[in-house]
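# Breakdown of the fold
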Amino acid sequence: MTDLLTPLLAPLLLGLDWMDPEWLLERFGDQMFWVSVVIVFIECGLLFPILPGDSLLFSVGLFIHRAEAGEAGIDVPIVTACVILSLAAFLGNVVGYEIGRAIGEPLAQHEGRFIKKKYFDQTHAFFERYGARALVLGRFVPIVRTFVTVVAGMGKMDRRHFFTWSFVGAVLWATGLTLLGYFLGGIEFLQHNIEAAVLVIVFVSVLPMVFEYWRHRGSAKDRDRV
């Protein structure tokens, strides 16, 4: 099964070892947890969108479960892990917001390897459509997750309003995916087939957007009937 999935998922990992949670565990052992905290912070705040946030959070939970079962994994209490990862995601957002307020406009016109005008344009459109909810929904959308806080800062969104929605999004994303990995860690197939777990993550990550789409579609139909 792994041999079949690897060619399909290789493009998602960009051929980079550090995009593979199993490689990170083998390379850093228990310290993978702190590497994950740093990666989450960077992806959420420092305009580096090509990072394995979703799969990493899921894998941290799965590896914690693995360690509790006596296998090689991450020896960190699950509650502690969820609190620290959520805090890293929230603080990363705060940094991204402040970057947006300070130098967002010049950045939005920049064309580089990781910072592109189209990313800002796409995120701005996302923000325009969903408003403050974008800070929650955007957590589950790669690239948007990285730039949505910068766009909020560029628009001078009220700080208290931003902090509230950003905190909710951070907890739902970081704690939600980590707990999902932890509770599904009891499934032996996923424990030893991280590639299959990545597919689960991709599926779960799009659920908020699917729900929001159907909710919006239902509201539109109700308005048409009036």
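Each remark here, short or long, concerns the structure printed above.
Residues numbered from 1 in each chain as written. Predicted model: local features only at pLDDT ≥ 70, side-chain atom pairs only at ≥ 80, totals over all residues. Heavy atoms only, no water.

### Quick word on the overall build of the chain
Which entries qualify depends on this criterion: Starting at the N terminus, helices and strands are each numbered in turn, a helix being any DSSP run of H or I of at least four residues and a strand any DSSP run of E of at least two. Only protein chains enter the accessibility calculation, which uses a 1.4 Å probe; a residue is then buried when its area is under 20% of its type maximum, exposed when over 50%, and partly exposed in between. Contact criterion: two residues are considered in contact whenever any of their non-hydrogen atoms come within 4.5 Å of each other. In this description, accessible areas are obtained by the Shrake-Rupley approach with a 1.4 Å probe, and a residue is regarded as covered only by the protein chains that are shown.
Each helix and strand counted, the chain has eleven helices and zero strands in total. For the chain, the succession of helices and strands along the chain, N to C, is α-α-α-α-α-α-α-α-α-α-α. Residue burial in the chain is summarised as follows: out of 226 residues, 46% are buried. If you take every contact in the chain between residues at least 6 apart in sequence, the share linking residues at least 24 apart comes to 77%. When the accessible surface of the chain is summed, it comes to about 11,400 Å², and 65% of that surface belongs to carbon and sulfur atoms.

### What to know about the pattern of salt bridges
For the record, the criterion: Every case where a carboxyl oxygen of Asp or Glu lies within 4 Å of a side-chain nitrogen of Lys or Arg is listed as a salt bridge.
One pass over the structure, following the stated rule, counts two salt bridges. A salt bridge links glutamate 22 to arginine 66, with the nearest nitrogen and oxygen atoms 3.3 Å apart. Here the residue glutamate 22 occupies a position in helix α2 (residues 21-28), and arginine 66 occupies one in helix α4 (residues 53-68), the gap between them amounting to 44 residues. Between glutamate 98 and arginine 159 there is a salt bridge, with its nearest N and O atoms 3.0 Å apart. You can see glutamate 98 sitting in helix α5 (residues 78-108) and its partner arginine 159 sitting in helix α9 (residues 159-184), a full 61 residues away along the chain.

### What about the nonpolar core?
Heads up, the condition is: In this description, a nonpolar core means a group of buried Ala, Val, Leu, Ile, Met, Phe, Trp, Tyr and Cys residues linked to one another through side-chain atoms lying within 4.5 Å.
Counting 31 residues, the largest nonpolar core has Met32, Phe33, Val40, Ile74, Leu85 and Trp173 as the members making the most contacts within it. A per-element tally of this core places α5 first, with eight residues. Apart from the residues lying within four places of it in its own chain, the contact partners of tryptophan 173 are Val40, Glu43, Cys44, Gly53, Asp54, Leu57, Ala89, Arg139, Phe140 and Arg145.

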